[in-house]
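Listed below, chain by chain, are the residues.
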Amino acid sequence: MAELGRIHNFVIKLFSMCALCSFLFPCCTVHCSPPPNPIKCASKSSLASNSSSYCTISNAIGAFPDRSICKVGHVVYPKTEEELVSAVAMASKNKMKVKIATRYGHSIPKLVCPDGNNGLLISTLHLNRIVNINASTTMITVESGVLLRDLIKQAAKSGLALTAAPYWWGLTVGGLISTAAHGSGLWGRGSSVHDYIESIRIVTPSGPNEGYAKVRTLYSSDPDINAAKVSLGVLGAISQVTLRLEPLFKRSITFAEKSDSDLATQAATFGNEHEFGDMYWYPNQHKVIYRVDDRVSSHVFGNGLNNYIGYRSTPSVALAALRTSEEIQESTSDANGKCISAKSTTTALVTSAFGFTNDGIAFTGYPIIGYQNRLQSAGSCLDSANDGLATVCPIDRRVKGVFYHQLTFSIALSKVQNFIEDIQKLRDLEPKAFCKLEFYTGILMRYVKASNAYLGKQENAVDFDVTYYRSTNPGTPQLFEDVFEEIEQIAVFKYQGIPHWGKNRNVGFIGAVTKYKNAGEFLKVKETFDPFGLFSSRWTDQILGLDQSGVTIVEEHCALEGLCICSEDIHCAPAKGYYCRPGRVYKEARVCSRLNVVTDLV
């Protein structure tokens with residue numbers, strides 16, 4: 001599924017004890033073990049057999065928000081649309097639950113998990129062909145399993161460019177449009193890839209008269225395409241997508257460091273001033289790194305390259321050392337250590353221009369000028385041979401490395417000033433808490449334009465990516481637990497933030513569907529395309545408001561995992577000193593606060 005987008009757009013902590021590990025291990029830019037298939041099977045399974053093969057699927061970080069294991073009965077890997085139709089027909093005939101799996105399995109929530117243990121997974125791993133590129137009409141048609149990386153490269157060979165894209169190129173086209181993955185920008189059609197769709201071919205269940213499956217082709221003039229653009233995978237299996245491109249162009253990028261004293265007002269206007277601008281906010285350090293990013297004439301000299309450090313191949317031993325350091329700081333409540341590590345991380349990233357180079361080799365100064373295809377996305381760790389896990393993409397779950405919570409929500413431009421001011425108030429009360437975010441390159445702020453997709457953005461907004469430490473041990477409270485729960489609740493409830501469909505914890509989706517004015521129209525299309533709900537699951541029914549049990553899971557320690565909002569102390573960790581208490585800035589919030597003395601309990 002989609003981006004983590006980014007992978008997302010989530011940020012990777014590569015620096016701490018060794019702030020420049022990517023530069024100290026030059027071999028890591030040559031060799032790498034690319035991420036594995038998210039599907040694992042104990043034996044081969046086939047729809048033609050009655051065997052109960054044991055298969056599981058996970059996400060990019062190896063754990064869903066509720067830490068459950070998703071088991072499935074069958075997995076197929078169609079290589080053509082005809083084979084995709086056959087797989088859907090078999091599921092439809094047998095009333096099997098079915099989900100679509102992508103190459104690297106990025107979505108954090110359980111969008112990919114069918115109900116029960118006997119469901120069907122259809123992987124788009126081999127549906128990875130560029131069907132057609134038409135330079136005269138500036139359109140490209142691709143199969144749904146094509147990686148963003150390959151779309152960008154092939155379009156550039158024809159002198160074309162995708163205007164908007166997530167920052168991580170390891171996403172598949174089908175996955176990223178299904179979850180509304182995006183870059184940054186309010187100009188033109190905006191930064192969401194799905195808003196550049198001209199047509200979609202989607203395979204849906206059907207009756208026996210149509211062979212139990214049918215291929216629907218939706219064009220931009222068809223109202224139903226507004227449902228298919230951001231479908232969450234519940235309408236059917238996307239076969240092909242046609243996207244509108246434009247002639248290849250150049251961009252100019254400069255990262256400018258400023259105080260965050262006026263961020264609340266700047267955030268409301270910066271996106272209208274720079275076509276691709278974004279911001280990295282470091283609250284504890286009281287600074288913002290503005291990406292001043294605009295088009296320039298193709299005659300301007302420059303061959304810049306985006307080789308973002310967080311998406312490079314990295315030595316497994318370095319990742320393990322960084323994670324161990326982070327775990328020690330958590331277990332010893334070493335806030336000062338976190339702040340020291342965060343500052344060295346920030347310094348290294350800013351000094352190296354986050355991995356951007358002027359010529360594909362070295363960063364020599366601003367501005368960085370280059371063609372769109374070389375600057376819009378990155379992910380060099382996918383492009384090298386397997387080296388036995390000596391080096392990996394930083395999110396590779398086969399080695400000890402990063403493991404995190406990721407909150408990603410869009411706050412309407414009309415509300416963003418007040419939201420930032422509230423976060424600054426919380427920062428001023430507990431400044432060291434925000435060092436945990438700066439460990440992961442701070443808070444990424446991107447601009448997203450309102451969309452006509454039924455489940456797209458409802459109005460122009462700023463998207464906030466908040467990534468921070470998660471314990472590998474369930475039910476373990478973390479340092480400054482209450483601060484991050486309060487940030488989440490301020491965004492979701494006080495400012496009615498819209499969650500990124502492919503990220504977030506369960507709390508982020510509470511009441512989400514009610515924030516979409518055309519949700520009812522989406523559900524009508526869903527009922528037409530898949531009346532028996534074969535492509536739906538309990539999770540998708542919950543987030544779409546069809547399952548009245550809701551998305552929360554109320555149990556011991558549930559608030560620590562973002563599965564519930566605490567209402568009782570047992571939802572936190574009273575045995576470890578964490579009790580359910582009101583928020584500090586947003587008093588309506590209920591968060592797990594650490595109480596140190598007996599008088600705090602009175």
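Each chain carries its own residue numbering, running from 1 in the direction its sequence is written. Per-residue local features are limited, in this predicted model, to residues with pLDDT of at least 70; the limit for side-chain atom pairs, both in listing and counting, is 80 or more; totals at the level of whole chains, interfaces and linings are taken over all residues. Side-chain measures were taken over the full set of non-hydrogen atoms in the model, leaving aside hydrogen atoms and water.

Under an unreviewed UniProt entry, the name given to the chain is L-gulonolactone oxidase, and the source organism is Papaver somniferum. UniProt positions are given in the numbering used here, feature names are shortened, and annotations may be inferred rather than shown by experiment. Taken directly from UniProt, the Catalytic activity (unreviewed entry) text for the chain runs: "L-gulono-1,4-lactone + O2 = L-ascorbate + H2O2 + H(+)".

**Considering the overall build of the chain**
Numbered from the N terminus, helices here are DSSP runs of H or I no shorter than four residues, and strands are runs of E no shorter than two. Secondary structure summary: the chain contains 15 helices and 28 strands in total. Using C-alpha atoms as the atom set, the radius of gyration is obtained and then compared with a globule rule of 2.2 Å times the number of residues to the power 0.38. Over its C-alpha atoms the chain spans a radius of gyration of 23 Å, differing by no more than 12% from the 25 Å that the globule rule assigns to 602 residues. Viewed in the frame of its principal axes, the chain has a C-alpha envelope of about 70 × 60 × 50 Å. Relative to its 602 residues, the chain shows a buried fraction of 63%. Across the chain, the fraction of contacts at a sequence separation of at least 24, relative to all contacts at a separation of at least 6, is 74%. The Shrake-Rupley method, run with a 1.4 Å probe, gives the accessible areas here. Residue values count only the displayed protein chains as cover. Counting every atom, the chain has about 20800 Å² of accessible surface; 53% of that belongs to carbon and sulfur. Positive charges are assigned to Lys and Arg, negative charges to Asp and Glu, while His and the chain termini are left out of the count. Taken as the charge centre is NZ of Lys, CZ of Arg, CG of Asp or CD of Glu, depending on the residue. Counting 60 positive and 55 negative side-chain charges, the chain places the centres of these two groups 4 Å from one another. Burial here depends on accessible area, computed with a 1.4 Å probe over protein chains only, as a share of the maximum for the residue type. Under 20% is buried, over 50% is exposed, and the range in between is partly exposed. A contact between two residues is defined here by any heavy atoms of the two lying within 4.5 Å.

**Section: the state of the cysteines**
Working definition: a disulfide is two cysteine sulfur atoms within 2.5 Å of each other. Per the counting criterion, the structure on display carries seven disulfides. Through a disulfide, Cys339 is tied to Cys435; the S-S separation comes to 2.0 Å. Between Cys339 and Cys435, the S-S dihedral sits near 90°, and the bridge is therefore right-handed. On the criterion of sequence distance, the pair formed by Cys339 in helix H9 (residues 335-351) and Cys435 in helix H12 (residues 435-438) is long-range, its members being 96 residues apart. On the basis of relative accessible area, Cys339 is assigned to the buried category, the value being 16%. Two residues share a disulfide in this structure: Cys572 and Cys592, whose sulfurs sit 2.1 Å from each other. Here the S-S torsion is close to -80°, and the disulfide linking Cys572 with Cys592 is therefore left-handed. Of this pair, Cys572 sits in the loop between helix H15 (538-543) and strand S27 (578-582) while Cys592 is found in strand S28 (residues 590-594), placing the two residues 20 residues apart along the sequence. Taken as a pair, Cys572 and Cys592 share a single burial class, namely buried.

**Quick look at the UniProt feature "domain: FAD-binding PCMH-type" (unreviewed entry) in the chain**
Following the UniProt record, the feature "domain: FAD-binding PCMH-type" (unreviewed entry) maps to residues 68-248 here. Between the end C-alpha atoms of residues 68-248 there is a gap of 44 Å, over a span that is 18% helix and 29% strand.

**Observations regarding the pattern of salt bridges**
When a carboxyl oxygen of Asp or Glu lies within 4 Å of a side-chain nitrogen of Lys or Arg, that pair is called a salt bridge. Applying the stated criterion across every chain, the model contains 35 salt bridges. Between Glu327 and Lys400 there is a salt bridge, with the nearest N and O atoms lying 3.1 Å from each other. With Glu327 in helix H8 (residues 316-331) and Lys400 in the loop between strand S22 (391-392) and strand S23 (404-412), this residue pair connects regions lying 73 residues apart in the sequence. The exposure class assigned to Glu327 is partly exposed, which follows from its relative accessible area of 23%. Taken together, the shared-partner salt bridges in this structure form one network comprising Arg251, Asp278, Arg291 and Asp293.

**Points about helix H3 (residues 148-157)**
Those residues of H3 that fall on the buried side of the exposure criterion are Leu148, Arg149, Leu151, Ile152, Ala155 and Ala156. The secondary structure elements touched by the buried residues of H3 are strand S8 (130-134), strand S9 (139-143), strand S10 (160-161), helix H4 (173-178), strand S13 (237-244) and helix H10 (372-375). Downstream of H3 by one or two residues, Gly159 has phi in the positive range, about 75°.

**Here's the deal with the nonpolar core**
Definition used in this section: a nonpolar core is a set of buried Ala, Val, Leu, Ile, Met, Phe, Trp, Tyr and Cys residues joined via side-chain atoms within 4.5 Å. If you look at the biggest cluster of nonpolar residues, it comprises 76 residues, and the most contacted ones within it are Leu232, Leu235, Leu243, Phe354, Trp501 and Ile543. Grouped together as the second largest cluster of nonpolar side chains are 41 residues, Leu407, Phe464, Val483 and Val585 included.

**Overview of the sheet that holds strand S25 (residues 461-469)**
In short, DSSP must find at least two bridges between two strands for them to pair. Taken in spatial order, the eight strands line up as S21-S15-S17-S16-S24-S25-S23-S26 in an open sheet, and their pairing is antiparallel. The sheet terminates laterally at strand S21 (368-371) and strand S26 (498-499), the two strands that pair on one side only.

**Comments concerning helix H13 (residues 481-494)**
Helix span, expected: 1.5 Å multiplied by one less than the number of residues in the helix. In a regular helix each residue adds 1.5 Å, so 14 residues correspond to 20 Å; H13 covers 19 Å between its end C-alpha atoms and thus fits that length. Burial within H13 is extensive, with twelve of its 14 residues counted as buried. Directly beyond the C-terminal end of H13, a positive phi value near 50° is found at Gln496.

**Digging into the packing of aromatic side chains**
Pairing of aromatic side chains requires ring centres within 6.5 Å, counting the rings of Phe and Tyr and the six-membered ring of Trp. Pairs whose planes differ by under 30 degrees are stacked, by over 60 edge-to-face, and all others tilted. According to the stated counting rule, one finds 17 aromatic pairs in the structure shown. Ring centres of Tyr280 and Phe354 lie 4.7 Å apart, and the angle between their planes is 15°; this geometry places the pair in the stacked category. With Tyr280 in strand S16 (residues 278-282) and Phe354 in the loop between H9 and strand S20 (356-357), this residue pair connects regions lying 74 residues apart in the sequence. Judged by centre distance (5.8 Å) and plane angle (80°), the ring pair of Phe409 and Phe419 falls under edge-to-face. In this pair, Phe409 is assigned in strand S23 and Phe419 in helix H11 (residues 413-429), connecting sequence segments ten residues apart. Accessibility assignment for this pair places Phe409 and Phe419 in one class, buried. Clustering of aromatic rings is evident, with ring pairs tying together Phe255, Tyr280, Phe354, Phe356, Phe363 and Tyr366. Only when the NZ atom of a Lys or the CZ atom of an Arg is both within 6 Å of the ring centre and within 35 degrees of the ring normal do we say a charge sits over the ring. Sitting over the ring of Tyr290, Lys258 keeps its end group 5.6 Å from the ring centre. It is Arg295 that lies over the ring of Phe249; its NZ or CZ is 3.9 Å from the centre.

**Thoughts on the domain arrangement of the chain**
One frequent convention defines the size of an interface as the accessible area lost when the parts assemble. Considered domain by domain, the chain is made up of domain 1 (53-123) and domain 2 (130-247). Taken together, the contact between domain 1 and domain 2 spans 16 residues of the former and 25 residues of the latter. Values labelled buried area give the accessible surface lost by two parts on being combined, using a 1.4 Å probe and summing over both. Buried area between domain 1 and domain 2, both sides added, is near 1400 Å², and the carbon and sulfur share of it is 67%. Looking only at domain 1, the three residues that lose the most surface to domain 2 are Glu81, Val88 and His106, adding up to 30% of its buried area. Viewed at the interface, domain 2 and domain 1 are joined by one salt bridge. Per the annotation, domain bounds derive from an automatic or database assignment of domains.

**Describing the packing of H8 against H9**
Two elements in contact, H8 and H9, have axes whose closest approach is 8 Å; the angle formed by their N-to-C orientations is 150°. On H9, the residues that touch Glu326, Gln329 and Glu330 of H8 are Gly337, Lys338 and Ser341. Its residues assigned to classes, the contact of H8 with H9 comprises no nonpolar, three polar and three charged. Axis lines are fitted through C-alpha atoms, for helices just across the contact stretch, and the angle between N-to-C directions can take any value from 0 to 180 degrees. In this classification, Asp, Glu, Lys and Arg are treated as charged, Ala, Val, Leu, Ile, Met, Phe, Trp, Tyr, Cys and Pro as nonpolar, and every other residue, Gly included, as polar.

**A short note on the side chain of Arg291**
Within the fold, Arg291 resides in strand S17 (residues 287-296). Owing to a relative accessible area of 5%, Arg291 belongs among the buried residues under this scheme. A 3.5 Å cut-off defines polar contacts: any pair of N or O atoms within that distance qualifies, except that in protein one atom must be a possible hydrogen donor and the other a possible acceptor, and neighbouring residues in sequence count only when both atoms are side-chain atoms. Looking at Arg291, its side chain comes within polar contact range of the side chain of Asp293, at 3.2 Å. The contact partners of Arg291, leaving out residues within four places of it in the chain, are Tyr167, Arg251, Ile253, Thr254, Phe255, Phe270, Phe276, Gly277, Asp278 and Phe356.

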